[in-house]
Every structure is written in structure tokens, then in C-alpha cells.
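The lines below spell out each chain.
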Amino acid sequence: MVSSKNRALSSVLLCFQILGFIVVQIWSPSSQVLAQSSANFACDVAKNPEVAKYAFCDPKLDVKTRVNDLVKRLTLQEKIANLVNNAGGASRLGVPKYEWWSEALHGVSYVGPGTHFSSLVPGATSFPQVICTAASFNSSLFEAIGKVVSNEARAMYNVGLAGLTYWSPNINIYRDPRWGRGHETPGEDPLLTSKYGASYVKGLQERDDGDKDRLKVGACCKHYTAYDVDNWKGIDRYHFNAVVTKQDMDDTYQPPFKSCVIDGNVASVMCSYNQVNGKPTCGDPDLLAGVIRGEWKLNGYISSDCDSLDVMFNSQHYTKTPQETAAIAIKAGLDLNCGDFLAKHTEDAVKEGLVKEADLDNAVTNNFATLVRLGFFDGDPSKQLYGQLGPKDVCTTANQELAREAARQGTVLLKNSPGSLPLSIKTIKSLAVIGPNANVTKTMIANYEGIPCKYTTPLQGLTALVPTSYAPGCANVACATAQVDAATKIASTADATVLIVGDDQSIETESRDRIDITLPGQQTLLIQQVAKASKGPVILVIMSGGGMDVQFAKDDPKITSIMWVGFPGEAGGAAIADVIFGFFNPSGRLPMTWYPQSYVNKVNMTNMNMRPDPATGYPGRTYRFYTGPTIYTFGDGLSYSEFSHHLVKAPKLVAVPLAEGHACKSSRCKSIDALEESCNNVVFDIELRVKNAGQMSGSHTVFLFSSPPAVHNAPQKHLLGFEKVHLTPQAQGVVKFNVDVCKHLSMVDEAGNRKVALGMHVLHIGNLKSSLTIRI
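So, how was this worked out
Residues numbered from 1 in each chain as written. Predicted model: local features only at pLDDT ≥ 70, side-chain atom pairs only at ≥ 80, totals over all residues. Heavy atoms only, no water. Phe/Tyr/Trp six-rings, centres within 6.5 Å; stacked < 30°, edge-to-face > 60°. Buried < 20%, exposed > 50% of the residue type's maximum accessible area, 1.4 Å probe, protein only. Helix = DSSP H or I, 4+ residues; strand = E, 2+ residues; numbered from the N terminus. Lys NZ or Arg CZ within 6 Å of the ring centre and 35° of its normal. UniProt positions renumbered as here; feature names shortened; annotations may be inferred. Pairing = 2+ DSSP bridges. Axes fitted to C-alpha atoms, helices over the stretch in contact; angles between N-to-C directions.

A. Quick peek at the packing of aromatic side chains. This model, assessed by the stated rule, comprises 29 aromatic pairs. Between the aromatic rings of Tyr-98 and Trp-100, the centroid separation amounts to 5.2 Å while the plane-to-plane angle is 90 degrees, which identifies the pairing as edge-to-face. This pair shows no difference in class: Tyr-98 is buried, exactly as Trp-100 is. When the ring of Phe-313 is compared with that of Phe-341, the centres are 6.5 Å apart and the planes differ by 50 degrees; the resulting orientation is tilted. Placement of Phe-313 in helix H10 (residues 308-315) and of Phe-341 in helix H12 (residues 341-351) is noted, with a sequence separation of 28 residues between them. Each residue in the set Tyr-54, Phe-56, Tyr-98, Trp-100, Tyr-301, Phe-368, Phe-376 and Phe-377 is aromatic and connected to the rest through ring pairs, giving one cluster. It is Lys-554 that lies over the ring of Tyr-632; its NZ or CZ is 4.5 Å from the centre. It is Lys-717 that lies over the ring of Phe-705; its NZ or CZ is 4.2 Å from the centre.

B. Structural view of the UniProt feature "domain: Fibronectin type III-like" (unreviewed entry) in the chain. On the UniProt side, "domain: Fibronectin type III-like" (unreviewed entry) is annotated at positions that read residues 700-769 here. End-to-end, the C-alpha atoms of residues 700-769 are 18 Å apart, and along that stretch the chain is 6% helix and 61% strand.

C. Spotlight on the sheet that holds strand S19 (residues 643-649). Reading across the sheet, the 3 strands line up as S19-S22-S25 and stay open at both edges, with antiparallel pairing between neighbours. Only two strands of the sheet have a single partner each, and these edge strands are S19 and strand S25 (732-740). The mean angle between the axes of side-by-side strands here comes to 25 degrees, regardless of whether they run parallel or antiparallel. Pairing analysis gives 6 bridges linking S19 to strand S22 (residues 683-692), with the strands arranged antiparallel. What sits directly across from His-645, in S22, is Val-690.

D. The arrangement of the sheet that holds strand S20 (residues 653-655) in detail. Read across the open sheet, the 5 strands follow the order S20-S29-S28-S23-S24; overall the sheet is mixed. Among the strands making up the open sheet, the edge pair consists of S20 and strand S24 (718-727). Taking each pair of neighbouring strands and ignoring which way they run, the sheet shows an average axis angle of 20 degrees. As judged from the 4 bridges shared by strand S23 (residues 698-707) and strand S28 (residues 759-765), these two strands associate in the antiparallel manner. The residue of S28 that forms the bridge with Phe-705 is His-764.

This is the structure we're talking about:
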């Protein structure tokens, strides 16, 4: 998204004491200008009794009948006016203008013109950035956050401060550690990303009355597809052509979008700026009409990324005229243009015979159907479900506590020497807090953010528990000159030292990819000198979106603990303090691999291939295919408790029945088609008994991985499922996985066909392994 145009919000800081924390509340000084009094909606019978006669205003009719009635009443110009995000409506029919562009990546955002904050609603709950929440591996949490965000969105809509359509979540695969937007995503794994996307969408969209035809708010899964280069060494997203194999497309880049549409029933998919194999995604009929609407049966609309049609014409020079661009996009299946390109060029495209008015009818039908499902044409929202939500329902105590809980669950403990964490508030009489991210606010909420209800910085969270001394050590994360003396001085006398380092949006964000994946500037020097001087344990807290090469810290015995907290949201400081002092037992796991700097020195970021190439020395990408050294890998994470695993049930042999006369019965096959009719419902259960052998209650994530036979360039390991169990000390629990052989154990072959490899699969269940042979 082109977000910078709409983000010039200044703020006033007001400080006050709440529950022992110094918190910072942010208010918009332009509140009186932005404040409105009522929701925007069509079919307002009170203002215009005439609209009652229109079928599209009758809530008792089905969606299709209502939309068809509306579309047939529209002029060509009115149709075109409703193909853009700042939709013109049809005032003569009682249909007001509507702004489609709002954002809710991890809370209601002020990015996009559809949402505003005011004195009426000065802030909204700001949850951790997605990469941090994903580290919880907790699908119920993903959905719970979505539900809170949609409550606050509806509350703001009811007082005229927000729309009903939100262009979130971002479900691109975090393929390369340099990508500036990786922190907006759930990480590098297709299954985790799929589960996050579908769960968050359900939280946003599903209504409490269970009406599957209606929407609470409309979500949007983006950016479709193979999009993960923003601006690397002069190569930007507007000009980048992602060259992707059919195999990588179908087993890595597409699964999250497929799940979002099929499992999440998402209301929208947004096509991306880049080209894929020479075609702009927003102009590719195979990707849009063919796959999203044809194969996956999207019930909703397809939007462009902002100004991507202009990019297609003016940057990529894909067509000779803007009218051709407009026609290609609409005929490919695009319904809505973020920007004004279609508003300016579609009428001429129709007049030139490049696109038919019937094609426009299809597009506006999909757009208006979404608004009908949202209740936009049902009259006064205050008389509908969610109509009583208002400012009192935004920034509630429960919502803010969920933000704190999400940050705690997303915290990943990567190193913990005996006797280090957790610290005790009884024995720590002085704590040194050091680092450029120790007292930050906005850094914690990253991008696509709103105005948070309040902030608790790490320094504030720690100071609320024990006496602290603070030295930033660096003026900012760029850390051109480390201020070592002041930092080492307080560390040398403190009972323990907490170093909070990392980066912020000046290093990694939209339109800004990284070159290096080491800690910026002289942060490494600062850490090493402080660790050397410290009297007590040294806890290194890394606040970043992507992984860092911190091998030096991993190897340094003076650095006793390492924690990664992502960008932990408005309550990040309180969550960090909760974990460090043992009020919360960490259970987060890394959702992405951390590579050494040598990886980025030799791997071109624009190489989209997931699989390694021994001939060139290309090591591949992500834990599924990468063959080189790592700092930490996907799924790493420690607890303050020890959890033991005992395998209760797992099969050793599974037979897949084949039809009589099947070719594989008379010849040796290395795999069978996963779509075989006889492959349906070949299932088995795995049971694992988990015991908390420690002294603290805590949650534990159990992963189920498979290492398939080495056929079809199969992944060396891939995630089949994950379950989270909470156990008190010495308690036991049972975790069950139901495995569908042809769904979960299948892979995509070189031609993009889904296959089940015959032979031995190694199942990784927790920290145990079990072999399974699949035969016919």
C-alpha cells in the first residue's frame, strides 16, 4: 500500500499514572475537525421515504436480487464512479459516497482515508505487529484479536469515524530476511500463515448471530501474489518481475490466499504491484478470474493495490494506452481500483470497444454485494446488530489486556543460561536498563498503526516492578556512536542488566528492504561492552520485525539470556516486564528463520526459488528448503519449564486404496495423485502425552512436522499442524492430531500437481520422531 500520503497525523502527549505504570496517551489535535456524528449508509428512509420502494433497500430479499436491482438502475457513469476506493455512490438513488480504504492490520489504523480519530474516539487498541502475534502459534488468539478489532471498527463506524471494509491481513510469505514488510506477515511457513489469515479474517468478519451471508466488517487478504520485494539495491516493487516456478507458486506463495478465501471466506483479495512471470498480477486473468474467483470461488471483490493500475501503465509500460490498462484489469477480474485510474479511463475504454459495460456490471455487482452483506443498504445502523457499539467499546480494559496478553504470548525466549531468567523482584534491588529501544513508544506498534489507547514502554514496565537506572547507549537505532561509558557505568553496579536493542521503521518497513541483517550501527559494540562490565546477568531483548545475526551474543557467556519481542504493540513494555520477572512463562516460537549475515552477502534477494540449487551453491529459503547454517530456526523458543513428550499413538503403515486397473498397480510409482477419489478420507490419529516437568505453569506449543521421501524436490521438513496446551506444574495433557494423508502429507510436484509420496515419511511430533510408511 502507498501509505505515506495519508499518515501526516501529529499528536500531543499526555502522561498520567495508571496501575503503577507511567503510560503515554496520544490524542489528535485535529479532533474537532475530524469528529462526525453518525454512520454513513444507504437507504435512509427517514431522510428520503422514496428509497423504500427500491428492491435493493429491502433487507428481506436475498443479496443477489438486491444487487441486481441496484445495478440495473445505474448509469454508465455511476457504475464507473463505483469502481474506485473513493466510490461515488448514486445520490439520486439514496446511495451515498463510500470510502473503501481502511486498514486494520493489528488494530484500527489511521492509514487510509476511511478512518479517523477524534475527541470522540481518540485511540484504538494497538495489538502487537503480526509477526509477534504469529509467534504465539495460537489460532484462537488470532481470531480473538480479529473480533476485538472488528468491535472497535464497528463502534467507530457508528459514530462516523470509520468504514466497514478493511484491507487486512497481509499474508505474503516472509521468504527473505531483508524484506522490509516481513513483520506485517505471520512468517515464513505456508501453514502458519494460512491458519493466521483464516483465523484473523473470521474474527473480523463473522457475526455473533451466525449469519453466514452477512459480514461484521469486510477483510481483505493481500498482496496477491509472490510479493516480497519492496526496494532492494534499486530494485523496487513497481518494476519487479517475480519469476516463480509452478511448484513454488502452488506449494509456497498461493496456499495462504487459498485458505483465506476457502477457509476464511474473506470478502476481498488485493492484487499486488509486481509482475509474476511477466504479467502484472492486477491484469492477469488466470490469477484473478481463473484462480481467485474460478477455482477458489471468492464471495466478494478483488481490489488493486493503491495506484497499481497507474504503475502497470506508467512504470511497467505493459500497455500502449491507459484505456487498454483499464480494460485488461477489468476483464482480468479486477472489481475495485484503489486510486483514480479507472475513474479517469474506463469510460473511454468502453467507447473504444476495449471493454463491455457488462464487464463493469460484474465488477460493481461484486462491490455492492459486499456492502449489502455488511448492512450498508439496510437503513439506520443503530437499529441493526452492532448498532449499539460506540466509543465506550473502544480501548476497553479487556481489549487492552488482550493486547498485553498477545505480546506476552508472542515473546520468544531464545537463550537462557541457568540462573538467569526469570529475575525475582525480591532479589533485584537495582536494574540497569540500556539500549535505543528501551524507552520507545511508536517503535512498538510498527506500521499500519493507529493511535493507541496508551503506551507502556519497556523502561516504564520494568520501573513499575523494581528500581531502575537508565542509559540509552545509542541516540537511536542507527547508533552512529555508542555512548558506552554511561551504559557500562550503570551496568557495573546493577544486580542485573536488560539491554533492549534492535531496529525500527527507519531500518525495515514498507518501501525499505534491508541490506544487512546485523544489528544496526554500533549496537553490537554497546552490547559487548555492557556485557563485559555487568555485575549480574545480562538479558538481551531484541525488538525487531526480522531476524538478526546475533551469533556473537548467542556465543557470549556473559549474555545470559536472549529474548525476541517483535514489535510488541501498545502494551509491549508491560509484557516484557511480565516475562523477565516471571509473571508470565514464555511460550512463543520463532515464525521465521534467523540467518547469518553471510547468507545475504551471497543470496540475491530477487531470486524467488524456494529450493536449493547445488549447481550454483544457492542454499534455498526458509526452514523447509534451506541447507545452510542458521542463527536460530523456525520454531525455536524456550520456556521456564521443561516439557516432556510421550508418544501414545501413531501408525507405522498406511495403505492408500487405488481403483482397479490403476497404472501404479502394474508399474512402480514414486507418488500418487492426491486428488484420486480413493484418496479421500484416508486418515489417522496421532496422540502425544505432554507433561510439565517444571515448577511454573505455562503453555507449550506442540509441532507436527513431516519429512517426506526425497521425491519431486520435496521439502526437507514441513509443518502439518500445531497445538497449544497449558499445563500447571507436574500436570499432563494429551495433544491429538488428525492427519488426512492426501491433504496433509501431500506435496506439489514440479508441474504443480499435488502428490502423495510413497515410502517412508518421518513424523516429528514435539521432540520425538516416528516413521510412517505409505503404500498402495
